Amino acid sequence: MAATPGDNRLDHCIQCGTCGGSCPSGAEMDHTPRRLFALIRAGERDAVLASNAPWYCVSCYYCTVRCPQDIRITDLMYTLKSMAIEAGLFHDASLPDFSETFVDYVEKYGRSFELGLATRFNLRHHPIGLAGMAPLGLGMLKRGRMDLLPQRIDNLAQLTAILDKAKALESPS
Amino acid sequence: MKALFYPGCAMQKNARPYLDSLQAIREDIGLELREVEDWNCCGATEYMSVYRVAAHALVGRNLALAQDQAGDTRVLAAGCSACYLNLAKTDARMGEDAHLKATVNEALAAGGLEYRPGSLEVRHLLDLVCHDIGYEAVKARVVKPLHGLKVAAYYGCQVVRPDYDGRWDDHEHPTAMDKLLAVLGAEPVDWALKTQCCGGHMSVIGPEVAYGLIRRLVHGAQQAGADLVVTLCPMCQLNLDAYQVEMNRHFHSDYRMPVLYFTQLMGLAFGKPAKALGIGKEFVSAAPALARIQAEAPKVAETKRKRRPKPGDALPMPGME
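Residues numbered from 1 in each chain as written. Chains lettered and ligands numbered in written order. Predicted model: local features only at pLDDT ≥ 70, side-chain atom pairs only at ≥ 80, totals over all residues. Heavy atoms only, no water.

A. View of the packing of helix α9 (residues 127–142) of chain A against helix α12 (residues 234–251) of chain B. Here α9 of chain A crosses α12 of chain B at 150°, and the two axes come no closer than 11 Å. In terms of crossing hand, the pair formed by α9 of chain A and α12 of chain B is right-handed. Facing Gly 132, Met 133, Leu 136 and Met 140 of chain A of α9 of chain A, the residues of α12 of chain B in contact are Leu 238, Ala 242, Tyr 243, Glu 246 and Arg 249 of chain B. Split by residue class, the contact of α9 of chain A with α12 of chain B holds 6 nonpolar, 1 polar and 2 charged. (Axes fitted to C-alpha atoms, helices over the stretch in contact; angles between N-to-C directions. Helix = DSSP H or I, 4+ residues; strand = E, 2+ residues; numbered from the N terminus. Left-handed = near helix turned anticlockwise from the far one by under 90°. Contact = heavy atoms within 4.5 Å. Nonpolar A, V, L, I, M, F, W, Y, C, P; charged D, E, K, R; others polar.)

Pasting the structure below:
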């Protein structure tokens, strides 16, 4: 957890539960952030990395601004997600896969690509639901709100060099 | 005022009406925007979920490019909440964490770039309009006040939280956009959900969670008497507008709450034609709401969806609201 950029102040948690109470998707989480932090302290690594909580975090930062101890809860959720991807303990592979698919497109083109992302993600994980989402996609196309092809930045080589270097610097963690 | 502009991926396409309406009103409010050349995606909320440091390097490239292209301004403006937050976050984190700054700069050096944290002022468009250009300057351009239009100002999450630079009056009940809409002649309604989450990426990866959040917001705006919701973020607009249709299908409800960008309402009040403001590209048509202020709005081809009858339909069920 110390790998979270900046001081995450996790040690300062007083278990007040303001985070879970503020969370828009708290009801869907198997462990609220408060419980996750207690589990981290108890050394329950596997239970933490198998939790759905980080994946249900919507990055709304309510917990972060309300935390009386100024713990960077949302940032910690990002760290937990990346650790969970490495550990491969979370039961529903589709949620990490969405993030990784998004990352793939960004690295390939320098820009995100909504049509590709939605199609690839749904084909792999919700092939039946895909047909149901077709009207939404067509509606986006009809309104000129979606590209059929991805956009590529000019200096993709530069971006690739930067990201490769950053990952090399990141990996020894 | 002059500013560099980071449009972000969404504004290029799904939020094109946001960009078009911004272009339409830019001159009226004296906002000179110069697009950062060859910017890349900010990573949204996904890149950081996979790579902790590379996510900052991804954003760092944009900051470094902007810094090098800055010229006579140090303001870097973004219209999307996620883009704004990511740019601001990397700037703030690099500023406070010397190790991160060194690592990100080592990565940027591989592309011949370097970023000096604090050299740019990362700002959201609404912040510039309300706090730099100012309400008086906006008011001076109003030729068709939006009298009689009740609006729910919706800020979403990431512009007002965590708010690294303390730009807003409140993290949960901000008032800047309400004041702006009042200056345009509209009537901002009092509602409690103005900074509640639109569902973010849950609309794709966990729709049942997102639909609950979307219904709560749409219902809240309706209860408050709003004719439409006004937003400042492409993701919020997409979720509340396009996914409102899906949400209705999921809950067998029939909400019709249009969702427009604040720049579109500024354009209407400035007397611009609705079409030039991208009005008519929304899924839930704003035409009935805009008819109240005699604003002409292009017709929206509503996506008709057949409602599949469910076993409980025939029974008089008590309302859930």
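B. Just the interface of chain B and chain A, in detail. Contacts between the two partners involve 71 residues from chain B and, on the opposite side, 65 residues from chain A. Surface buried jointly by chain B and chain A totals about 6,200 Å² across both partners, of which 60% is contributed by carbon and sulfur atoms. On the chain B side of the interface with chain A, the three residues burying the most area are Lys 13, Arg 52 and Ile 205 of chain B, jointly 12% of the side's total. Remark: the boundary between chain B and chain A carries 7 salt bridges. Here Arg 66 of chain A ties to Glu 172 of chain B by a salt bridge, and the two come within 2.6 Å at their closest N and O atoms. (Buried area = accessible area lost by both parts, 1.4 Å probe. Salt bridge = Lys/Arg side-chain N within 4 Å of Asp/Glu carboxyl O.)

C. Just a nonpolar patch on the surface, in detail. Together, Leu 138, Leu 141, Leu 148 and Leu 149 of chain A make up an exposed nonpolar region whose accessible area comes to about 420 Å². When you line up the elements, Leu 141 of chain A lands in helix α9. (Patch = residues over 30% accessible without salt bridge, like charges linked within 9 Å, V, L, I, M, F, W, Y side chains within 5 Å. Areas by Shrake-Rupley, 256 points an atom, 1.4 Å probe, with all protein chains shown as cover.)

D. Just the sheet that holds strand β1 (residues 2–6) of chain B, in detail. All names here are of chain B. An order of β2-β1-β3-β4 is seen for the 4 strands of this open sheet, with the pairing classed as parallel. Edge strands, defined here as strands with exactly one partner in the open sheet, are β2 (32–35) and β4 (121–124). Direction aside, neighbouring strands of the sheet carry axes that sit 40° apart on average. Sheet topology note: the strand β3 (residues 75–78)/β4 ladder contains 4 bridges and is parallel. In the sheet register, Val 75 faces β4, and the bridge partner there is Glu 121. Sitting on the sheet, helix α2 (residues 16–26) is in contact with β1, β2 and β4, with an inclination near 135° to β2. This element, helix α4 (residues 52–69), spans β1, β2, β3 and β4 of the sheet and lies at about 150° to β1. (Pairing = 2+ DSSP bridges.)

E. Summary view of the domain arrangement of chain B. All names here are of chain B. The domain architecture assigned to chain B consists of domain 1 (2–125) and domain 2 (143–307). With 29 residues of domain 1 in contact, the opposing surface of domain 2 contributes 25 residues. Buried area between domain 1 and domain 2, summed over both chains or domains, comes out near 2,300 Å², and the portion from carbon and sulfur atoms is 65%. Considering only the side of domain 1, the residues that lose the most area to domain 2 are Tyr 18, Ile 25 and Ser 81, jointly responsible for 22% of the buried surface there. Applying the counting rule to domain 1 against domain 2 returns 1 salt bridge. Seen at the junction of domain 1 and domain 2, the total is 5 residue pairs in polar contact (both at pLDDT 80 or more). Mapped onto the side of domain 1 that touches domain 2, the elements with two or more residues apiece are α2, α5 (81–96) and β4. Take the side of domain 1 that touches domain 2: its biggest share by element is 8 residues, from α5. (Domains from an automatic or database assignment. Polar contact = N/O pair within 3.5 Å; in protein donor to acceptor, adjacent residues only side chain to side chain.)

F. Structural context of the domain arrangement of chain A. Assigned domains within chain A: domain 1 (10–87) and domain 2 (94–170). The gap between the C-alpha centroids of domain 1 of chain A and domain 2 of chain A is 27 Å.

G. Structural context of helix α7 (residues 94–109) of chain A. Residue and element names in this part refer to chain A. Between its first and last C-alpha atoms α7 spans 22 Å; for 16 residues at 1.5 Å apiece the expected length is 22 Å, and the two agree. By the criterion of burial, α7 is predominantly enclosed, with 12 of the 16 residues buried. Within α7 the residues assigned to the buried category are Ser 94, Leu 95, Pro 96, Asp 97, Phe 98, Ser 99, Thr 101, Phe 102, Val 103, Tyr 105, Val 106 and Tyr 109. After α7 finishes, the residue Gly 110 shows a positive phi value of roughly 85°. (Expected span 1.5 Å × (residues − 1). Buried < 20%, exposed > 50% of the residue type's maximum accessible area, 1.4 Å probe, protein only.)

H. The sheet that holds strand β6 (residues 187–188) of chain B, seen in detail. All names here are of chain B. Taken together, the 4 strands give an open sheet; going across it, the order is β6-β5-β7-β8, and neighbouring strands pair in parallel fashion. Either end of the sheet is taken by a strand with one partner, and the two such strands are β6 and β8 (259–261). Pairing analysis gives 3 bridges linking strand β5 (residues 150–153) to strand β7 (residues 228–231), with the strands arranged parallel. By the bridge assignment, Ala 152 is partnered in β7 with Val 229.

I. Spatial organisation of the side chain of Asp 227 of chain B. All names here are of chain B. Structurally, the position occupied by Asp 227 is in the loop between α11 (207–223) and β7. With a relative accessible area of 15%, Asp 227 lands in the buried category. A polar side-chain atom of Asp 227 sits 3.3 Å from a polar atom in the side chain of Arg 292. Those residues in contact with Asp 227 that lie beyond four places of it in its chain are Gly 148, Leu 149, Lys 150, Met 257, Pro 258, Ala 289 and Arg 292.

J. Spatial organisation of the environment of Ala 286 of chain B. Residue and element names in this part refer to chain B. Relative to the helices and strands, Ala 286 resides in the loop between α13 (262–269) and α14 (287–291). Residue classification places Ala 286 among the buried positions, given a relative accessible area of 0%. For the pair Ala 286 and Asp 227, spaced 59 residues apart in sequence, the C-alpha separation works out to 8.8 Å. Aside from chain neighbours lying at most four places away, what touches Ala 286 is Pro 258 and Leu 260.

K. Expanded view of the side chain of Ser 25 of chain A. Positionally, Ser 25 of chain A belongs in the loop between α1 (18–22) and α2 (33–41). Once residues within four sequence positions are removed from consideration, Ser 25 of chain A is found in contact with Tyr 56, Cys 57 and Val 58 of chain A together with Val 209 of chain B.

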